[in-house]
Each structure stands twice: as C-alpha cells, then as structure tokens.
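Residue-level structural notes
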Amino acid sequence: NGTITVPGAAVFTMVITNNGPGAATGVGLTDDLPGTGWTITSQSAGTNCSLDAPANGVLTCTGISLPTQGATYTVVVQRATVAPADCGPMPNTATVTMTGDTNAGNNSSTATITVNCPDIQVVKEGNGPITAGDDAVFTIVIKNNGPGTAVGVGLTDTVGPGWTITDQTGVACGIDAGVLSCSGITLALDETYEIEITKTTSSANCAGIENTVTVSATNEGTNQANNTDTATIVVNCPDITVSKEGNGTITAGGVAQFTIVI
C-alpha cells in the first residue's frame, strides 16, 4: 500500500493469475512476510491461504485451482500497526508454484512498502547576556524534519522555580513544580511548535542559567541525536565597592571632610 507513516497499517495484496492456455491446479504460494503479526483480511473464495501461528509471519497457500486462462486468486494481508523499528523500505517477495509449470520466470514478485518515520528536533535559545534583575527568556522550538508525521510528541525540561510560560503555539505545555512538560503534540513534515518561558532573575543567578530540554515522539526511531538541546543565559551581576577618605590632619576649628566613592 505504498507509503505509510508509523503507526499506520501495512498491506500487501497478492494476485495469482493463470496466463494459460491450460488449466492450473495445485497452485501454491509462499511469502515470508516482514516481521510478525500479519492477518489475512481477504482472499478469493475458499480458505486456501493461512498464516503460521503464533507468529503470523509466513503466508502459505495450497491447492488453488485456476481452471481458465485469465483466472485469478487474490489474497490480502495486513499488519495493523508498524513500529519505529520498521522505518524505511519494507520489501517483500511472494512466490507461486505449480507442478508442471514450464515458465517459472514470472513465479515471484516483489513489492515494497515505505515506512516513513518522523525526525523530531529541538532547539533552545536564551536571551543573554542580561543583568541580574532583568527577565531571563528561553525560547524552545520543536520541529519535525520528517518525512513522516510525528504523533505523541512530548517535551520535558527541569527549569526550576520561578519560570512561567509567556507564549506557546497551542495549549500542550505547562509548568508544574519547576518542570516544563508538553504532551500530545502532532507535527506534520516541517511543522513546528514553539514555547517561550520567562523568569525574573536575581543575584542568585549570577553564575548564569544553563538548562537542557528533551523531546520525543511515540512513533520516532531510536538514537535521535537532535532530541536534546542545551542553552545558557549569561547573567551579569555588579561588583560594588566603596572607598572613604578623610582630608587628613586638621586643626580644631578647621573643616573635616570625608569623600566617599561607590
């Protein structure tokens, strides 16, 4: 069934045709299907085809009769849900046999289902450098680089106390006990979801604010190096000094003077 996106259904349709001119009897078919969990959703009249149990990964048909030239037998198999492990091409070859068949060159056929998975990327940027007392702002952008649609997109980010969401694309994100989390986002190819969070800084942030965000999708493959990003906001704090000087030794009745420099 062409190109699908995880967790879509994979479907293969096999059509056996008698090119004649004689009747075909005792026709069989074997097909080692990719993966397991396949079901037969339809087949021509009769129950000539079955799947091995319990894995249901090998299709076998026996005893098919095609009495006339042009007669066909069709069997359709489906795997209801493909997984991220199936990302990429899913090729499959079916082979038919018949005793006495003198032209075996067309007795096998290969079809390929392309399983598209998403590639979720997150980019996080801060607004530094700022001065203590200013607002620190992190902007987080989740993007689906595709090619498949991303479903169940989530985000986690331990930001600590004092942060609030000041803007976001939808309503999927919230902050609870210092943890920013998002869930249930769906992103088509090249679609993005943006979150902005803000906190008023203080002298406690003089060391700077470093933070890492992580995203995921329920239908994304593993080992995605672009699923985390770290950003740092530089918080500049002042260094206040004071010096005080007197005007030296004076005579009683003179004017005493102190100069204070901050």
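I will try to describe carefully the structure that is included in this document. Just so it is clear, the structure is predicted and the values come from calculations on it, not from any experiment.

Considering all chains together, one arrives at two aromatic pairs under this definition. Here Lys124 stacks its cationic end above the ring of Phe138, 4.2 Å away from the centre of that ring. The residue whose ring lies beneath Lys244 is Phe258, and the NZ or CZ to ring-centre distance is 4.6 Å.

Before going further, it helps to spend a moment on the pairing of strand E3 (residues 24-32). Bridge analysis of E3 against strand E6 (residues 58-66) gives six bridges, and the strand direction is antiparallel. Residue pairing across strands places Leu29 opposite Cys61, the latter belonging to E6. In terms of strand pairing, E3 meets strand E8 (residues 88-97) through four bridges, oriented antiparallel. Pairing of Gly28 across the sheet is with Thr97, part of E8.

Turning our attention to the state of the cysteines. Enumeration according to the criterion identifies four disulfides in this entry. Linked covalently through their sulfurs, Cys49 and Cys61 form a disulfide whose S-S length is 2.0 Å. Between Cys49 and Cys61 the disulfide shows an S-S torsion of about 110°. By sign, it is right-handed. One end of the pair, Cys49, is in strand E5 (residues 49-51); the other, Cys61, is in strand E6, and 12 residues separate them in sequence. Residue Cys87 pairs covalently with Cys117 via a disulfide, S to S 1.7 Å. Looking down the S-S bond of the Cys87 and Cys117 bridge, the torsion is -85°, so its handedness is left-handed.

Before going further, it helps to examine the sheet that holds strand E13 (residues 150-158). Taken together, the five strands give an open sheet; going across it, the order is E15-E16-E13-E18-E19, and neighbouring strands pair in antiparallel fashion. Both edges of this open sheet fall to strand E15 (173-176) and strand E19 (228-233), since each of them pairs with a single strand only. Strand after strand, the sheet turns through a mean of 20° between neighbouring axes, direction not considered.

What the six strands build is an open sheet, ordered E1-E9-E8-E3-E6-E5; its pairing is mixed. The open sheet is flanked by strand E1 (3-5) and E5, the only strands paired with a single partner. Looking at each pair of strands side by side, their axes are set apart by 20° on average, direction ignored. As paired elements, E5 and E6 share three bridges and run antiparallel to each other. Bridge pairing in E6 places Cys49 opposite Cys61.

To continue, consider the environment of Pro21. Looking at the element boundaries, Pro21 is found in the loop between strand E2 (10-17) and E3. With 46 residues separating them along the chain, Pro21 and Pro67 place their C-alpha atoms 9.6 Å apart.

Enumeration over the complete set of coordinates arrives at two salt bridges. Across the salt bridge formed by Asp86 and Arg79, the nearest N and O atoms sit 2.4 Å from each other. Here Asp86 and Arg79 have matching classes, each one buried. Residue Lys124 is joined to Asp157 by a salt bridge in which the shortest nitrogen-to-oxygen separation is 2.5 Å.

The rules we used
- Residues numbered from 1 in each chain as written.
- Predicted model: local features only at pLDDT ≥ 70, side-chain atom pairs only at ≥ 80, totals over all residues.
- Heavy atoms only, no water.
- Phe/Tyr/Trp six-rings, centres within 6.5 Å; stacked < 30°, edge-to-face > 60°.
- Lys NZ or Arg CZ within 6 Å of the ring centre and 35° of its normal.
- Pairing = 2+ DSSP bridges.
- Helix = DSSP H or I, 4+ residues; strand = E, 2+ residues; numbered from the N terminus.
- Disulfide = S-S within 2.5 Å.
- Axes fitted to C-alpha atoms, helices over the stretch in contact; angles between N-to-C directions.
- Salt bridge = Lys/Arg side-chain N within 4 Å of Asp/Glu carboxyl O.
- Buried < 20%, exposed > 50% of the residue type's maximum accessible area, 1.4 Å probe, protein only.

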